[in-house]
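Working through the structure, step by step
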Amino acid sequence: MKGFGIFLLIVLVLVGLGFGGRAYARHAMYTRAVTPERLGAVTPANAGLPFSRVAVETGDRTLIGWWVRARADSGTTPPAVLFLHGNASSISDYVALQKFFYRQGISSLVFDYSGFGASGGSPSLQNAVADAASAARVFEDSAGKGARKIAMGSALGATVLMQAIDSVQPHVDGVIIEGVTASVGDAAVRDGRIPRLVAPLVEDIADNVSAAQRVKVPLLAVHSYADDRFPFEDAQRVVAAVPAQYSLVRHWRKGHSSLLASRRPCDWEPVLRFVKVGALPPARLDTIDQCAVEARLAEAAAQKAAADKQAAQRAAVTPAGSTATSAQPPATRNPTTTKKPATKRPPASR
(Lines give C-alpha, C1' and ligand atoms only; values in the text may rest on other atoms or scores of the structure.)
Protein backbone atom coordinates (compact mmCIF):
# COMPACT_ATOMS: atom_id res chain seq x y z
CA MET A 1 0.00 0.00 0.00
CA LYS A 2 2.83 2.33 0.89
CA GLY A 3 4.58 1.49 -2.37
CA PHE A 4 1.40 2.25 -4.35
CA GLY A 5 1.14 5.65 -2.66
CA ILE A 6 4.72 6.49 -3.63
CA PHE A 7 4.02 5.37 -7.19
CA LEU A 8 0.88 7.52 -7.35
CA LEU A 9 2.79 10.49 -5.99
CA ILE A 10 5.45 10.08 -8.66
CA VAL A 11 2.78 9.90 -11.36
CA LEU A 12 1.07 13.05 -10.07
CA VAL A 13 4.40 14.87 -9.96
CA LEU A 14 5.20 13.83 -13.52
CA VAL A 15 1.74 14.88 -14.72
CA GLY A 16 2.12 18.21 -12.95
CA LEU A 17 5.53 18.72 -14.46
CA GLY A 18 4.10 17.82 -17.85
CA PHE A 19 1.28 20.34 -17.66
CA GLY A 20 3.56 22.93 -16.10
CA GLY A 21 6.21 22.33 -18.72
CA ARG A 22 3.69 22.68 -21.53
CA ALA A 23 2.33 25.90 -20.05
CA TYR A 24 5.84 27.25 -19.62
CA ALA A 25 6.82 26.27 -23.15
CA ARG A 26 3.70 27.84 -24.65
CA HIS A 27 4.38 31.06 -22.76
CA ALA A 28 7.99 30.95 -23.95
CA MET A 29 6.82 30.72 -27.56
CA TYR A 30 4.91 33.96 -27.14
CA THR A 31 7.94 35.64 -25.58
CA ARG A 32 9.70 37.67 -28.28
CA ALA A 33 7.23 36.30 -30.86
CA VAL A 34 5.56 39.72 -30.82
CA THR A 35 7.58 42.68 -29.55
CA PRO A 36 5.89 46.06 -30.21
CA GLU A 37 7.67 49.27 -31.08
CA ARG A 38 6.45 52.86 -30.74
CA LEU A 39 5.97 55.02 -33.80
CA GLY A 40 9.07 56.97 -34.78
CA ALA A 41 9.30 60.57 -35.92
CA VAL A 42 9.92 59.79 -39.61
CA THR A 43 7.02 59.87 -42.07
CA PRO A 44 6.92 59.56 -45.86
CA ALA A 45 6.78 63.37 -45.99
CA ASN A 46 10.36 63.44 -44.68
CA ALA A 47 11.37 61.48 -47.75
CA GLY A 48 9.47 63.80 -50.09
CA LEU A 49 6.77 61.22 -50.78
CA PRO A 50 3.08 61.94 -51.31
CA PHE A 51 1.15 59.86 -48.78
CA SER A 52 -2.14 59.54 -47.00
CA ARG A 53 -2.85 58.34 -43.48
CA VAL A 54 -5.16 55.32 -43.35
CA ALA A 55 -7.25 54.10 -40.41
CA VAL A 56 -8.12 50.40 -40.53
CA GLU A 57 -10.91 49.27 -38.23
CA THR A 58 -10.55 45.73 -36.88
CA GLY A 59 -12.82 44.66 -34.05
CA ASP A 60 -12.59 47.30 -31.32
CA ARG A 61 -9.14 48.42 -32.51
CA THR A 62 -8.00 51.06 -34.98
CA LEU A 63 -4.84 50.40 -36.93
CA ILE A 64 -2.79 53.19 -38.49
CA GLY A 65 -1.16 52.84 -41.89
CA TRP A 66 0.41 54.93 -44.67
CA TRP A 67 -0.49 54.77 -48.35
CA VAL A 68 2.23 55.92 -50.76
CA ARG A 69 0.85 55.92 -54.30
CA ALA A 70 3.12 55.72 -57.33
CA ARG A 71 2.47 57.82 -60.42
CA ALA A 72 0.23 56.23 -63.04
CA ASP A 73 2.06 55.36 -66.24
CA SER A 74 0.07 56.17 -69.38
CA GLY A 75 -3.16 56.03 -67.44
CA THR A 76 -2.45 52.52 -66.08
CA THR A 77 -2.98 52.01 -62.36
CA PRO A 78 0.38 51.08 -60.82
CA PRO A 79 0.82 47.76 -59.00
CA ALA A 80 0.53 47.87 -55.22
CA VAL A 81 2.09 46.05 -52.27
CA LEU A 82 0.48 45.49 -48.86
CA PHE A 83 3.55 45.22 -46.62
CA LEU A 84 3.44 43.35 -43.29
CA HIS A 85 6.50 44.41 -41.34
CA GLY A 86 8.82 42.62 -38.93
CA ASN A 87 9.07 42.44 -35.16
CA ALA A 88 10.27 45.23 -32.86
CA SER A 89 9.55 47.87 -35.50
CA SER A 90 6.84 50.25 -36.71
CA ILE A 91 5.82 51.79 -40.02
CA SER A 92 8.24 54.69 -39.52
CA ASP A 93 11.09 52.19 -39.99
CA TYR A 94 9.92 51.41 -43.53
CA VAL A 95 9.75 54.86 -45.10
CA ALA A 96 12.93 54.16 -47.08
CA LEU A 97 11.36 50.95 -48.39
CA GLN A 98 8.23 52.80 -49.46
CA LYS A 99 10.44 55.34 -51.21
CA PHE A 100 12.20 52.51 -53.04
CA PHE A 101 8.89 51.03 -54.17
CA TYR A 102 7.69 54.48 -55.25
CA ARG A 103 10.78 54.97 -57.44
CA GLN A 104 10.12 51.59 -59.03
CA GLY A 105 6.56 52.62 -59.95
CA ILE A 106 4.92 50.57 -57.16
CA SER A 107 2.38 51.86 -54.64
CA SER A 108 2.56 50.56 -51.07
CA LEU A 109 0.43 50.37 -47.95
CA VAL A 110 2.26 49.70 -44.67
CA PHE A 111 0.30 49.41 -41.42
CA ASP A 112 1.10 48.76 -37.76
CA TYR A 113 -0.33 45.75 -35.95
CA SER A 114 -2.35 46.17 -32.77
CA GLY A 115 -0.18 47.68 -30.05
CA PHE A 116 2.53 48.67 -32.53
CA GLY A 117 3.26 52.26 -33.53
CA ALA A 118 0.15 54.38 -33.08
CA SER A 119 -2.29 51.48 -33.58
CA GLY A 120 -4.68 50.68 -30.78
CA GLY A 121 -5.17 47.44 -28.89
CA SER A 122 -2.73 45.06 -27.29
CA PRO A 123 0.09 43.32 -29.16
CA SER A 124 -0.37 39.60 -29.75
CA LEU A 125 0.06 37.16 -32.60
CA GLN A 126 -3.69 36.48 -32.68
CA ASN A 127 -4.45 40.19 -32.99
CA ALA A 128 -1.82 40.64 -35.70
CA VAL A 129 -3.36 37.82 -37.75
CA ALA A 130 -6.81 39.41 -37.47
CA ASP A 131 -5.24 42.79 -38.32
CA ALA A 132 -3.85 41.38 -41.57
CA ALA A 133 -7.30 40.24 -42.66
CA SER A 134 -8.80 43.69 -42.07
CA ALA A 135 -5.91 45.48 -43.76
CA ALA A 136 -6.19 43.21 -46.81
CA ARG A 137 -9.82 44.23 -47.34
CA VAL A 138 -8.96 47.93 -47.11
CA PHE A 139 -5.99 47.35 -49.42
CA GLU A 140 -8.10 45.74 -52.13
CA ASP A 141 -10.75 48.47 -51.96
CA SER A 142 -8.26 51.34 -52.21
CA ALA A 143 -5.45 50.00 -54.45
CA GLY A 144 -7.21 51.27 -57.56
CA LYS A 145 -9.17 49.67 -60.36
CA GLY A 146 -7.12 47.19 -62.36
CA ALA A 147 -4.10 47.40 -60.06
CA ARG A 148 -2.05 44.27 -59.58
CA LYS A 149 -2.07 43.59 -55.82
CA ILE A 150 0.54 41.69 -53.81
CA ALA A 151 0.75 41.00 -50.04
CA MET A 152 4.33 40.83 -48.76
CA GLY A 153 5.39 39.78 -45.27
CA SER A 154 8.90 39.99 -43.84
CA ALA A 155 10.10 37.99 -40.79
CA LEU A 156 7.23 38.31 -38.26
CA GLY A 157 5.18 39.73 -41.13
CA ALA A 158 5.77 36.52 -43.11
CA THR A 159 4.40 34.47 -40.22
CA VAL A 160 1.42 36.80 -39.83
CA LEU A 161 0.75 36.55 -43.57
CA MET A 162 0.96 32.75 -43.60
CA GLN A 163 -1.30 32.43 -40.55
CA ALA A 164 -3.82 34.83 -42.14
CA ILE A 165 -3.53 33.31 -45.62
CA ASP A 166 -7.17 32.19 -45.80
CA SER A 167 -8.46 35.71 -45.23
CA VAL A 168 -5.76 37.59 -47.16
CA GLN A 169 -5.40 35.66 -50.42
CA PRO A 170 -8.95 36.42 -51.69
CA HIS A 171 -7.94 40.10 -51.89
CA VAL A 172 -4.58 39.79 -53.69
CA ASP A 173 -3.05 38.35 -56.85
CA GLY A 174 -0.06 36.80 -55.11
CA VAL A 175 2.00 36.72 -51.92
CA ILE A 176 5.67 37.20 -51.06
CA ILE A 177 7.32 35.88 -47.90
CA GLU A 178 10.79 37.09 -46.94
CA GLY A 179 12.87 35.67 -44.10
CA VAL A 180 10.18 33.19 -43.02
CA THR A 181 10.50 30.68 -40.18
CA ALA A 182 9.12 27.18 -40.45
CA SER A 183 7.25 27.73 -37.20
CA VAL A 184 7.30 29.86 -34.07
CA GLY A 185 7.98 26.70 -32.06
CA ASP A 186 11.08 25.88 -34.10
CA ALA A 187 12.33 29.44 -33.67
CA ALA A 188 11.77 29.25 -29.91
CA VAL A 189 13.81 26.05 -29.70
CA ARG A 190 16.65 27.59 -31.70
CA ASP A 191 16.60 30.69 -29.46
CA GLY A 192 16.79 28.48 -26.37
CA ARG A 193 13.40 29.58 -25.04
CA ILE A 194 12.04 26.03 -25.17
CA PRO A 195 14.04 22.89 -24.29
CA ARG A 196 14.21 20.63 -27.34
CA LEU A 197 12.91 17.65 -25.34
CA VAL A 198 9.77 19.55 -24.31
CA ALA A 199 8.98 20.95 -27.75
CA PRO A 200 7.16 17.84 -29.12
CA LEU A 201 4.71 18.04 -26.21
CA VAL A 202 3.67 21.62 -26.97
CA GLU A 203 1.23 22.76 -29.63
CA ASP A 204 2.95 25.23 -31.94
CA ILE A 205 1.22 28.63 -31.95
CA ALA A 206 2.15 29.29 -35.59
CA ASP A 207 3.11 26.43 -37.90
CA ASN A 208 3.89 28.02 -41.26
CA VAL A 209 4.53 24.68 -42.99
CA SER A 210 0.95 23.61 -42.28
CA ALA A 211 -0.38 27.04 -43.27
CA ALA A 212 1.45 26.81 -46.60
CA GLN A 213 -0.76 23.88 -47.58
CA ARG A 214 -3.67 26.33 -47.87
CA VAL A 215 -2.00 28.75 -50.30
CA LYS A 216 -3.98 29.06 -53.53
CA VAL A 217 -2.31 32.08 -55.19
CA PRO A 218 1.21 32.25 -56.69
CA LEU A 219 3.87 32.59 -54.00
CA LEU A 220 7.39 33.98 -54.14
CA ALA A 221 9.73 33.25 -51.22
CA VAL A 222 12.97 35.20 -50.76
CA HIS A 223 15.55 34.16 -48.19
CA SER A 224 19.20 34.89 -47.43
CA TYR A 225 21.57 31.95 -47.82
CA ALA A 226 23.16 33.14 -44.53
CA ASP A 227 20.15 34.16 -42.40
CA ASP A 228 21.43 34.14 -38.81
CA ARG A 229 17.95 33.68 -37.27
CA PHE A 230 15.90 31.50 -39.60
CA PRO A 231 18.00 29.10 -41.71
CA PHE A 232 17.41 28.77 -45.43
CA GLU A 233 16.07 25.27 -44.81
CA ASP A 234 13.07 26.82 -43.03
CA ALA A 235 12.02 28.54 -46.25
CA GLN A 236 12.52 25.30 -48.17
CA ARG A 237 10.22 23.46 -45.78
CA VAL A 238 7.52 26.13 -46.11
CA VAL A 239 7.49 26.35 -49.91
CA ALA A 240 7.63 22.58 -50.32
CA ALA A 241 4.16 22.44 -48.77
CA VAL A 242 2.64 25.04 -51.14
CA PRO A 243 0.24 23.42 -53.65
CA ALA A 244 0.06 26.54 -55.84
CA GLN A 245 2.76 27.96 -58.11
CA TYR A 246 5.84 29.05 -56.19
CA SER A 247 9.52 29.90 -56.46
CA LEU A 248 12.16 30.26 -53.77
CA VAL A 249 14.97 32.75 -54.43
CA ARG A 250 18.14 32.49 -52.38
CA HIS A 251 19.85 35.87 -52.28
CA TRP A 252 23.42 36.55 -51.28
CA ARG A 253 23.12 39.38 -48.74
CA LYS A 254 24.11 37.97 -45.36
CA GLY A 255 21.86 38.32 -42.32
CA HIS A 256 18.23 38.11 -41.28
CA SER A 257 15.88 40.00 -43.62
CA SER A 258 18.96 41.63 -45.14
CA LEU A 259 17.20 42.20 -48.45
CA LEU A 260 15.26 45.06 -46.87
CA ALA A 261 18.52 46.96 -46.31
CA SER A 262 19.26 47.03 -50.05
CA ARG A 263 18.05 49.74 -52.40
CA ARG A 264 19.62 48.21 -55.52
CA PRO A 265 17.00 47.12 -58.07
CA CYS A 266 19.18 44.17 -59.08
CA ASP A 267 18.86 42.73 -55.55
CA TRP A 268 15.09 43.10 -55.80
CA GLU A 269 14.74 41.99 -59.41
CA PRO A 270 12.70 38.79 -58.76
CA VAL A 271 10.41 40.67 -56.37
CA LEU A 272 9.90 43.61 -58.74
CA ARG A 273 9.08 41.33 -61.68
CA PHE A 274 6.61 39.33 -59.61
CA VAL A 275 4.90 42.47 -58.30
CA LYS A 276 4.66 44.13 -61.70
CA VAL A 277 3.83 41.26 -64.05
CA GLY A 278 3.41 38.15 -61.90
CA ALA A 279 6.48 36.41 -63.33
CA LEU A 280 8.08 33.81 -61.10
CA PRO A 281 11.66 32.60 -61.67
CA PRO A 282 11.56 29.60 -64.05
CA ALA A 283 13.20 27.32 -61.49
CA ARG A 284 11.47 26.56 -58.20
CA LEU A 285 14.80 27.14 -56.50
CA ASP A 286 16.68 30.09 -57.99
CA THR A 287 20.10 30.96 -56.59
CA ILE A 288 21.17 33.58 -59.10
CA ASP A 289 22.59 36.78 -57.63
CA GLN A 290 21.38 39.30 -60.19
CA CYS A 291 23.66 42.06 -58.88
CA ALA A 292 26.68 39.80 -59.26
CA VAL A 293 25.56 38.87 -62.78
CA GLU A 294 25.24 42.54 -63.73
CA ALA A 295 28.63 43.30 -62.17
CA ARG A 296 30.27 40.49 -64.19
CA LEU A 297 28.61 41.71 -67.39
CA ALA A 298 29.77 45.28 -66.71
CA GLU A 299 33.31 44.07 -65.99
CA ALA A 300 33.33 41.99 -69.20
CA ALA A 301 32.11 45.01 -71.19
CA ALA A 302 34.82 47.22 -69.65
CA GLN A 303 37.51 44.64 -70.44
CA LYS A 304 36.29 44.38 -74.05
CA ALA A 305 36.30 48.17 -74.44
CA ALA A 306 39.86 48.34 -73.09
CA ALA A 307 40.98 45.55 -75.45
CA ASP A 308 39.34 47.28 -78.44
CA LYS A 309 41.11 50.53 -77.53
CA GLN A 310 44.49 48.82 -77.32
CA ALA A 311 43.88 47.09 -80.66
CA ALA A 312 43.02 50.43 -82.27
CA GLN A 313 46.20 51.97 -80.89
CA ARG A 314 48.33 49.09 -82.22
CA ALA A 315 46.74 49.40 -85.65
CA ALA A 316 47.78 53.06 -85.79
CA VAL A 317 51.51 52.23 -85.39
CA THR A 318 53.76 51.62 -88.48
CA PRO A 319 55.85 48.43 -88.77
CA ALA A 320 58.97 50.50 -88.08
CA GLY A 321 57.48 51.52 -84.78
CA SER A 322 56.73 55.17 -85.53
CA THR A 323 53.26 56.58 -85.26
CA ALA A 324 51.66 57.19 -88.62
CA THR A 325 50.77 60.79 -89.50
CA SER A 326 48.53 62.17 -92.15
CA ALA A 327 49.99 61.60 -95.64
CA GLN A 328 51.62 64.60 -97.34
CA PRO A 329 52.11 64.88 -101.14
CA PRO A 330 55.79 64.48 -102.20
CA ALA A 331 57.67 67.71 -102.83
CA THR A 332 57.97 68.55 -106.59
CA ARG A 333 60.82 70.39 -108.29
CA ASN A 334 60.30 73.47 -110.45
CA PRO A 335 61.52 72.40 -113.91
CA THR A 336 62.56 75.98 -114.80
CA THR A 337 64.86 76.26 -111.81
CA THR A 338 68.50 75.51 -112.58
CA LYS A 339 71.00 74.39 -110.04
CA LYS A 340 73.61 77.04 -109.26
CA PRO A 341 77.22 75.94 -109.50
CA ALA A 342 78.96 75.46 -106.21
CA THR A 343 81.14 78.39 -105.09
CA LYS A 344 84.78 77.57 -104.36
CA ARG A 345 86.08 78.48 -100.93
CA PRO A 346 89.25 80.47 -100.60
CA PRO A 347 92.20 78.46 -99.30
CA ALA A 348 92.53 78.60 -95.61
CA SER A 349 95.29 80.85 -94.39
CA ARG A 350 98.17 79.19 -92.84
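Here, the structure is the one placed above.
All values reported here derive from a predicted model rather than from experimental measurement.

Reading guide: rules and limits
- Residues numbered from 1 in each chain as written.
- Predicted model: local features only at pLDDT ≥ 70, side-chain atom pairs only at ≥ 80, totals over all residues.
- Heavy atoms only, no water.
- Pairing = 2+ DSSP bridges.
- Helix = DSSP H or I, 4+ residues; strand = E, 2+ residues; numbered from the N terminus.
- Contact = heavy atoms within 4.5 Å.
- Axes fitted to C-alpha atoms, helices over the stretch in contact; angles between N-to-C directions.
- Buried < 20%, exposed > 50% of the residue type's maximum accessible area, 1.4 Å probe, protein only.

Let's shift gears to the sheet that holds strand S3 (residues 80–84). Overall, mixed pairing links the 9 strands, which are arranged S1-S2-S4-S3-S5-S6-S7-S8-S9 in an open sheet. The open sheet is flanked by strand S1 (51–58) and strand S9 (285–286), the only strands paired with a single partner. Bridge count between S3 and strand S5 (residues 149–154): 5 bridges; the pairing is parallel. Directly across from Ala 80, in S5, lies its bridge partner Lys 149. Against the sheet, helix H3 (residues 125–142) engages S1, strand S2 (61–68), S3, strand S4 (107–111) and S5, with an angle of about 130° to S1.

Where burial is concerned, most of strand S6 (residues 174–178) is hidden: 5 out of the 5 residues are buried. Alternating positions in S6 separate into two faces, Gly 174, Ile 176 and Glu 178 on one and Val 175 and Ile 177 on the other, with burial throughout. Sheet analysis places S5 next to S6, joined by 5 bridges and oriented parallel. By the bridge assignment, Ala 151 is partnered in S6 with Val 175. In this sheet, strand S7 (residues 219–224) lies alongside S6 in parallel orientation, the contact comprising 4 bridges. Across the sheet, Ile 176 pairs through a bridge with Leu 220, a residue of S7.

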